[in-house]
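Here is what each chain is made of, one letter per residue.
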Amino acid sequence: MKLKNNLFKIMYYSSGGGVIGGKSYENVNKAAITFVTSAQHYFPKMNAANMEIPQVNHIKIYVLTNKGRYSFDGVESEFTVEKSPWAELFYKGNEVITQLRLINAK
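Residues numbered from 1 in each chain as written. Predicted model: local features only at pLDDT ≥ 70, side-chain atom pairs only at ≥ 80, totals over all residues. Heavy atoms only, no water.

Asker: Can you help me understand the packing of aromatic side chains in this one?
Answerer: Centre distance and the angle of the planes are the two values used to describe a pair of aromatic rings. Throughout the structure, instances matching the rule amount to 7 aromatic pairs. With 5.2 Å between their ring centres and 35° between their planes, Tyr42 and Trp86 make a pair best called tilted. With a gap of 44 residues between them, Tyr42 in helix 1 (residues 26–42) and Trp86 in the loop between helix 2 (76–80) and helix 3 (87–105) connect regions that are remote in the sequence. According to the relative accessible area criterion, Trp86 is buried, its value standing at 6%. (Phe/Tyr/Trp six-rings, centres within 6.5 Å; stacked < 30°, edge-to-face > 60°. Helix = DSSP H or I, 4+ residues; strand = E, 2+ residues; numbered from the N terminus. Buried < 20%, exposed > 50% of the residue type's maximum accessible area, 1.4 Å probe, protein only.)

Asker: Please explain the sheet that holds strand 3 (residues 47–48) as it appears in this structure.
Answerer: Strand pairing in a sheet takes place through backbone hydrogen bonds and is either antiparallel or parallel in direction. The 3 strands lie next to each other as 3-5-4, forming an open sheet whose pairing is antiparallel. The sheet is open, and its two borders are formed by strand 3 and strand 4 (58–65), each paired with just one other strand. Bridging between strand 4 and strand 5 (residues 68–75) involves 8 bridges; their strand directions are antiparallel. Directly across from Leu64, in strand 5, lies its bridge partner Arg69. (Pairing = 2+ DSSP bridges.)

Asker: Any chance you could explain the environment of Asn50 here in plain terms?
Answerer: Along the chain, Asn50 falls in the loop between strand 3 and strand 4. Through-space distance from the C-alpha of Asn50 to that of Arg69 is 8.0 Å; in sequence the pair is 19 residues apart. Discounting chain neighbours no more than four positions away, the residues touching Asn50 are Lys60 and Tyr62. A distance of 3.1 Å separates the side chain of Asn50 from the backbone nitrogen of Glu52, its partner in a polar contact. Among the polar contacts listed, one links the side chain of Asn50 to the side chain of Lys60, at a separation of 2.6 Å. (Contact = heavy atoms within 4.5 Å. Polar contact = N/O pair within 3.5 Å; in protein donor to acceptor, adjacent residues only side chain to side chain.)

Here it is, written out as structure tokens:
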């Protein structure tokens, strides 16, 4: 299933606040396209998503498609360990967040 890069127009932080209009920045678009392209390879491993907040020390990645919402929820170490099958997606998602934060810092 092809995923579209309609993401990151608005991002909210769990600590409050957020960024609006990130999609209009080239650096955010590049990072988002890389993330969405990578997410296509992980999509078959995801389940239909519930919208519950992740547990403490868990990370949840959502993918919105024309067939519905899908996600993967796991312990943080499942994403951040270099040999983790989810590490690439996690770090590409974090690059989008970094680019959005750079806009917010200006």
